[in-house]
Amino acid sequence: MNPKTKRVVRSVKYFFIFVILVAVFVGIIVLLFPEQYSGSHVFATTPDDTDAIFNYGSWWKMLLIFVIIAAIYPGLTFVKKEVMIEGDFEEHRDKILKQFEDAGYEKTDEDQEQITFRLRNKFTRFMRAYEDAVTITKGEAPLILSGNRKDILRLAGRIEYSLRQESGRTPDDPYDFNHSDNNTDNPAEQNK
């Protein structure tokens with residue numbers, strides 16, 4: 001799907017999610033305080049209507065706010081990130097795929113240029129409105145991950161750490177701050 005079309009689809013999807021969440025929130029308020037809202041309705045129909053939960057004319061302001069947030073949100077949430085590796089994707093394919101698998105993803109699609117992964121957990125996918133796809137480009141460095149910002153940053157860190165550990169540039173225990181390749185504390189002796 002074209003990136004612009006995908007962004008519009010995401011915006012529309014998030015707009016409806018915001019509307020549903022507000023409807024659920026208002027429903028919960030009405031259920032928790034039935035004596036206060038028993039004879040009232042949600043939106044005021046006239047300026048003099050004081051029995052409504054929301055004031056007269058507030059419904060279009062709320063919708064406008066939802067439209068603005070829904071238009072901005074996908075641009076802030078879905079990003080691309082470069083992951084620097086030595087060599088190309090095929091040299092590290094098994095390590096990279098293992099990091100996705102360990103993070104709870106499964107490969108759903110692959111072509112000549114990229115691989116697409118989705119979360120295995122169906123409930124998490126539902127809670128993310130099925131916007132959980134992460135794609136990774138194949139080819140020479142840098143690899144490009146694209147998807148949800150939080151997932152991309154986490155997966156990029158996992159891949160970089162795994163590849164550094166494979167090359168021996170990272171200690172097995174990342175919290176071992178006293179690790180030294182030469183087992184000496186004297187910098188003058190390390191330079192010899």
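Look above for the structure.
Quick caveat, the model's predicted, so the values are computed rather than measured.

A. Seen up close, the overall build of the chain. Within the chain, the regular secondary structure consists of 7 helices and 5 strands. When the helices and strands of the chain are listed from N to C terminus, the series reads α-α-α-β-α-β-β-α-β-β-α-α. Split into buried and exposed, the 192 residues of the chain put 29% on the buried side. Considering only contacts in the chain between residues 6 or more positions apart, those separated by 24 or more positions represent 49%. Total accessible area on the chain stands at roughly 13,300 Å², and carbon and sulfur atoms take up 57% of it.

B. Quick look at the packing of aromatic side chains. A full pass over the atoms with the stated rule returns 6 aromatic pairs. Aromatic side chains Phe15 and Phe16 sit 5.4 Å apart centroid to centroid with 70 degrees between the ring planes, which places their arrangement in the edge-to-face category. Three or more aromatic residues joined by ring pairs make a cluster, and in this case those are Phe100, Tyr105 and Phe117. For the cation-ring pair, Arg10 lies above Phe78, with the distance from its terminal atom to the ring centre recorded as 3.7 Å.

C. Expanded view of a nonpolar patch on the surface. Together, Val8, Val12, Phe16, Ile20, Val24, Ile28, Leu32 and Phe33 make up an exposed nonpolar region whose accessible area comes to about 760 Å². Inspection of the secondary structure puts Val12 in helix H1 (residues 3–32). On the basis of relative accessible area, Val12 is assigned to the partly exposed category, the value being 42%.

D. Focus on the pairing of strand E5 (residues 143–148). With 5 of its 6 residues buried, E5 lies for the most part within the structure. Sheet topology places strand E1 (residues 78–83) next to E5; 6 bridges connect them, and they run antiparallel. Considered in E5, the bridge of Phe78 is made with Asn148. Bridge count for strand E4 (residues 134–137) against E5 is 2 bridges, and the pairing is antiparallel. Residue pairing in the sheet places Ile136 in a bridge with Leu145 of E5. Taking the residues between adjacent antiparallel strands as the criterion, E4 and E5 are bridged by 5 residues, where Gly139 takes a positive phi near 125 degrees.

E. Expanded view of helix H3 (residues 58–77). Here H3 is 20 residues long and its end C-alpha atoms lie 28 Å apart, about the 28 Å a rise of 1.5 Å per residue gives. Among the residues making up H3, those that are buried are Ser58, Met62, Phe66, Ala70, Pro74 and Thr77. Tucked into the core, H3 has its buried residues touching H1, E1, E5 and helix H6 (149–166).

F. Examining the packing of helix H4 (residues 93–102) against H6 more closely. At a closest axis distance of 9 Å, the pairing of H4 and H6 adopts a crossing angle of 135 degrees. If you check the angle between H4 and H6, you find them oblique. Between H4 and H6 the crossing geometry is right-handed. Contacts between H4 and H6 pair Lys95, Ile96, Gln99, Phe100 and Asp102 from the former with Leu155, Arg158, Ile159, Ser162, Leu163 and Glu166 from the latter.

G. Focus on the side chain of Arg125. One can find Arg125 in helix H5 (residues 122–127). The contact partners of Arg125, leaving out residues within four places of it in the chain, are Arg118, Leu119, Tyr130 and Asp132.

H. Up close: unusual backbone geometry. Backbone geometry places Ala129, a non-glycine residue, at a positive phi of 60 degrees. Tracing the backbone through its elements, the reader meets Ala129 in the loop between H5 and E4. The exposure class of Ala129 is buried, given its relative accessible area of 12%. A positive phi angle, near 60 degrees, is found at Tyr130, a position not held by glycine. Note that Tyr130 resides in the loop between H5 and E4.

Conventions and cut-offs
- Along each chain, numbering runs from 1 in the same order as the chain's sequence is written.
- Only residues with pLDDT of at least 70 are given local features in this predicted model, and only at 80 or more are side-chain atom pairs given and counted; all residues enter the totals for whole chains, interfaces and linings.
- Only hydrogens and water are set aside when side-chain values are computed; all heavy atoms of the structure are taken into account.
- Only DSSP runs of H or I with at least four residues qualify as helices, and only runs of E with at least two residues qualify as strands; both kinds are numbered from the N terminus onward.
- Here the term buried applies to any residue with accessible area under 20% of the maximum for its type, exposed to any over 50%, and partly exposed to those in between, with areas from a 1.4 Å probe on protein chains only.
- The criterion used for residue contact is that any of the two residues' heavy atoms lie within 4.5 Å.
- Under the convention used here, a 1.4 Å probe and the Shrake-Rupley method define accessible areas, while residue burial counts only the protein chains that appear.
- What counts as a ring pair is set by centres within 6.5 Å for rings of Phe, Tyr and Trp (its six-membered ring), and what kind of pair is set by the plane angle: stacked under 30 degrees, edge-to-face over 60, tilted for all other angles.
- By the criterion adopted, a ring carries a charge over it if an Arg CZ or a Lys NZ lies within 6 Å of its centre and within 35 degrees of its normal.
- Only residues whose relative accessible area exceeds 30% and that form no salt bridge enter a patch; like-charged residues are grouped when within 9 Å of one another, and nonpolar side chains (Val, Leu, Ile, Met, Phe, Trp, Tyr) when within 5 Å.
- By convention in these notes, a salt bridge is any Lys or Arg side-chain nitrogen within 4 Å of a carboxyl oxygen on Asp or Glu.
- Strands were regarded as paired on the criterion that DSSP finds at least two bridges between them.
- Multiplying 1.5 Å by the helix residue count minus one yields the expected span of that helix.
- For helices, the fitted line uses only the C-alpha atoms of the stretch in contact; every axis is such a line through C-alpha atoms, and the angle between N-to-C directions lies from 0 to 180 degrees.
- We call two directions roughly parallel when the angle between them is under 35 degrees, roughly antiparallel when it is over 145, roughly perpendicular when it lies between 65 and 115, and oblique otherwise.
- The crossing is said to be left-handed when, going from far helix to near helix, the turn is anticlockwise and less than a right angle, and right-handed when the turn is clockwise.

Such coordinate-based values are descriptive only and should not be taken to indicate function.
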